[in-house]
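# Notes for the structure review
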Amino acid sequence: MFAPTPPASQPATPATTLSPDAVPTANIPDARPALPTQAYPAWPLGIPLAMHVYLSTSPTGDVFSRRWTSGYRPNDDSNLPNFVWDNITFGDWSEHRSAVYDVQLPIVIQHNGSMWADIFLVKDGASPDPSEATFDPNSVHHVRKLLTRYLPKTKLRKEKNLLTRDDKREEEDEEAEGDLIVSHWHRNLTLGLVSDAAIVPASQLPPPVAQHVTLLPQRDQTGTKGFYKPIIFPNDFWHLRSQYIEINETTPVLPLEITFQPMSYWKFQIFATMTASFQEAAKQQGGSTVAELDEIKRMLVETNPYFLALTAAVSVLHMLFEFLAFSSDVSHWRKKEELTGVSIVTNVVVQIIILLYLIDNNEQTSWMILMGSGIGVLIEAWKITKAVDVTLTPANPGSILPYKIEIKDKHVLSEDEKKTQEYDKLAFRYVSYVAIPCLAAYTVYSLLYETHRGWYSFVISTLTSFVYMFGFVQLVPQLIINYKLKSVAHMPMKAMIYKTLSTVVDDLFAFCIKMPMLHRLACFRDDVVFLIFLYQRWIYRIDPKRVNEYGQVMTTDADAGTAGEKDGNADKESKKNK
């Protein structure tokens, strides 16, 4: 994701007293290299500077010529702000300036035009205006920054009441938008001035860094040492996509805060390289990558450092415990030869509903949540194959579909498995007495009073809301089966321990990672369920049917011992009778 670190691991060593004014340019050989091996600062530290900032619509950066032609041609930039920061000491790390404006956008800018910030850094009291007598090109450094950023038009999540009749019009509006590229505005512009006298390896600079370094034609006698003007870096690395405002006729005035601050050379290299790397990744991989990169930036900008460290630890723990739980669950089911005490009626359906809801709300969901939910669906579906064989067979003559799904039990059910099925159906029936009326009432309420993207979104969001609000529909049958059997030996206890730890971590994870609100609340609902599981584990901790770590069962051993005593008594009696 990141570009290779530039070879500027070469330290930003202080420059010598070498200056372009002291170089005898007449003696420079003609066969000098295209770029100098090293470049030194052309302006010494400690001198007073002035920074002139002009906002303009000029495509060439000629911000002064329009003043001369304003008598016979309208000047579109007349209402745009411009200002001067005087007495900036070059190399003073305490220099910080700020200016805030409400920018009145010209009509051309409101219709996808471009606006620039032209920055002129001058020394020795020079003027950036070529028409003035104090103008000196050797004392002026000009840098441009495009303020209008061209990005795809934000696709709003359009929701509507499904009982209204304006569906066709809204669909036409959504189709008309398409993937439009429009101009956007950000309210912050940060100008960083590299304020240390670094010796720059000019011939080895990577493109993201080289575009900000302006080399002068002067060289020393060997032609290997050159000079560069002060580096002004407009830093927009911390700009988030969500912070950009779309420019149109409804935004004639927009705020702008311009900030000046010194910056070290190595910091400039890092920001320039990372900005270019993030932009390249966004171009190649699309909008999902932009959202993930913005999420990283948002956490770094808006989060307290201690809370950020906690977030990183929580994320690692969440993935670790979730992976261990999945691994232990699969291992438990792979070795399981009978399905006594296991409820698999609702698990798969509930997991699929949750996954579809997370996909439907993918702009609010982290990939980490989507990945965990998807793996959970696959594992639950695989568990079904442990109970039954699912095959695709030719359909009966006269059927509409050419094939049908045939489900057969893998083996004849034992008495314990029949009890499990009976208790599972009983538990599901008890829960349905409360769940089905609540689902019907919530469905009617959601249809009448809430908005949705469409009928598919309505069905998925309604089912998911019901699952999250009444999550015991999925988990209560297993609790009832445990109660009826007075045993938890059929449960994958190692996976349960990992899931318990993961649930505790999820309570912190819910506040750190981006996810829909219902999924966040469901994390705390699971706390209650796992507490009940732990309680059942405690009260049913002595189970004569539980297999220990040596593969032994207490009931079987006891029965074998009793049978052996009976056989011994029978032998003694037979000898005595003889």
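Residues numbered from 1 in each chain as written. Predicted model: local features only at pLDDT ≥ 70, side-chain atom pairs only at ≥ 80, totals over all residues. Heavy atoms only, no water.

A few words on the overall build of the chain. Of regular secondary structure, the chain possesses 15 helices and 16 strands. Buried positions account for 42% of the 578 residues belonging to the chain. For the chain, long-range pairs separated by at least 24 residues make up 78% of all intrachain contacts whose partners lie at least 6 apart in sequence. Carbon and sulfur atoms provide 59% of the accessible area of the chain, an area that totals close to 32600 Å². (Helix = DSSP H or I, 4+ residues; strand = E, 2+ residues; numbered from the N terminus. Buried < 20%, exposed > 50% of the residue type's maximum accessible area, 1.4 Å probe, protein only. Contact = heavy atoms within 4.5 Å. Areas by Shrake-Rupley, 256 points an atom, 1.4 Å probe, with all protein chains shown as cover.)

Let us look at the environment of Pro201. Mapped onto the fold, Pro201 is located in the loop between strand E9 (188-194) and helix H4 (207-210). Among the residues examined, Pro201 registers a relative accessible area of 6% and is labelled buried. For Pro201 and Thr37, which are 164 residues apart along the polypeptide, the C-alpha to C-alpha distance reads 5.9 Å.

Let us now look at the packing of aromatic side chains. Scanning all chains against the criterion turns up 14 aromatic pairs. Taken together, a centroid distance of 5.6 Å and an interplanar angle of 20° make the contact between Phe83 and Tyr101 stacked. Taken as a pair, Phe83 in strand E3 (residues 82-89) and Tyr101 in strand E4 (residues 97-104) lie far apart in primary sequence, 18 residues in all. Classification of Tyr101 as partly exposed rests on a relative accessible area of 25%. Taking the ring centre of Trp116 as reference, the NZ or CZ of Arg144 above it sits at 4.3 Å. Sitting over the face of the ring of Phe237, Lys297 holds its NZ or CZ atom 4.8 Å from the ring centroid. (Phe/Tyr/Trp six-rings, centres within 6.5 Å; stacked < 30°, edge-to-face > 60°. Lys NZ or Arg CZ within 6 Å of the ring centre and 35° of its normal.)

Before going further, it helps to examine the pattern of salt bridges. The final tally for this structure, using the stated rule, is 4 salt bridges. Measuring nitrogen to oxygen at the nearest pair gives 3.2 Å for the salt bridge that ties Arg97 to Glu95. Between Glu246 and Lys153 there is a salt bridge, and its shortest N-O distance comes to 2.6 Å. Here Glu246 is found in strand E13 (residues 245-246), whereas its partner Lys153 is found in the loop between strand E7 (149-152) and helix H3 (167-177), with 93 residues between them in sequence. (Salt bridge = Lys/Arg side-chain N within 4 Å of Asp/Glu carboxyl O.)

Attention now moves to the sheet that holds E4. Sheets are built from strands paired through backbone hydrogen bonds, the pairs being either parallel or antiparallel. Read across the sheet, 4 strands follow the order E4-E14-E9-E12 without closing on themselves; strand pairing throughout is mixed. Of all strands in the sheet, those with a lone pairing partner are E4 and strand E12 (232-235), marking the two edges. Direction aside, the axes of adjacent strands within the sheet are offset by 25° on average. As paired strands, E9 and E12 are joined by 4 bridges and run antiparallel to one another. (Pairing = 2+ DSSP bridges. Axes fitted to C-alpha atoms, helices over the stretch in contact; angles between N-to-C directions.)

Right, let's talk about a nonpolar patch on the surface for a bit. On the surface, Leu163, Val444, Tyr445, Leu448, Tyr449 and Trp455 cluster together into a nonpolar patch covering about 670 Å² of accessible area. Tracing the sequence through the fold places Tyr445 in helix H10 (residues 415-449). (Patch = residues over 30% accessible without salt bridge, like charges linked within 9 Å, V, L, I, M, F, W, Y side chains within 5 Å.)

A separate point is the nonpolar core. Core analysis: the biggest nonpolar cluster contains 36 residues, and Met51, Leu55, Met115, Trp185 and Ile258 have the highest contact counts within it. Once you skip the residues sitting within four places of it in the chain, Met115 turns out to touch Leu55, Ser56, Leu80, Val103, Leu105, Pro106, Ile109, Lys145, Leu146, Leu147, Thr148 and Trp185. Among the nonpolar cores identified, the runner-up in size contains 20 residues, and Tyr228, Ile231, Tyr265 and Phe271 belong to it. (Core = buried A, V, L, I, M, F, W, Y, C linked by side-chain atoms within 4.5 Å.)

Moving on, we come to the sheet that holds strand E1 (residues 38-41). Across the sheet, 3 strands lie side by side as E1-E11-E10; this open sheet has mixed pairing. Of all the strands in the sheet, the pair left with one neighbour each is E1 and strand E10 (215-219). Pairs of neighbouring strands in the sheet enclose a mean axial angle of 40°, with direction left out of account. Strand direction decides the pairing type here: E10 and strand E11 (residues 225-228), joined by 2 bridges, are antiparallel. Note that in E11 the partner of Leu215 across the bridge is Tyr228.

Before going further, it helps to examine the environment of His186. Residue placement: His186 occurs in the loop between strand E8 (181-185) and E9. By relative accessible area, His186 is classed as buried at 6%. Measuring from C-alpha to C-alpha, the distance between His186 and Gln243 comes to 6.6 Å, with 57 residues separating the pair along the chain. Discounting chain neighbours no more than four positions away, the residues touching His186 are His239, Leu240, Gln243, Tyr244 and Leu256. Polar contacts involving the side chain of His186 include one to the main-chain amide nitrogen of Asn188, which spans 3.1 Å. In this structure the side chain of His186 is engaged in a polar contact, spanning 2.8 Å, whose partner is the side chain of Gln243. (Polar contact = N/O pair within 3.5 Å; in protein donor to acceptor, adjacent residues only side chain to side chain.)

Turning to the side chain of His239, a few remarks are in order. Structurally, His239 is set in the loop between E12 and E13. Since its relative accessible area comes to 13%, His239 is described here as buried. Of the polar contacts made by the side chain of His239, one reaches the side chain of Tyr244; its length is 3.3 Å. Setting aside its immediate chain neighbours within four residues, His239 contacts His186, Asn188, Tyr244, Asp294 and Lys297.

Let us look at the confidence of the model for the chain. Overall, the prediction assigns the chain a mean pLDDT of 75, with 64% of residues at 70 or greater. Throughout residues 25-31 the model reports pLDDT below 50, and contacts reaching past four residues in sequence, or to other chains, amount to 6 contacts. Throughout residues 570-578 the model reports pLDDT below 50, and contacts reaching past four residues in sequence, or to other chains, amount to 0 contacts. (pLDDT = per-residue confidence, 0-100.)

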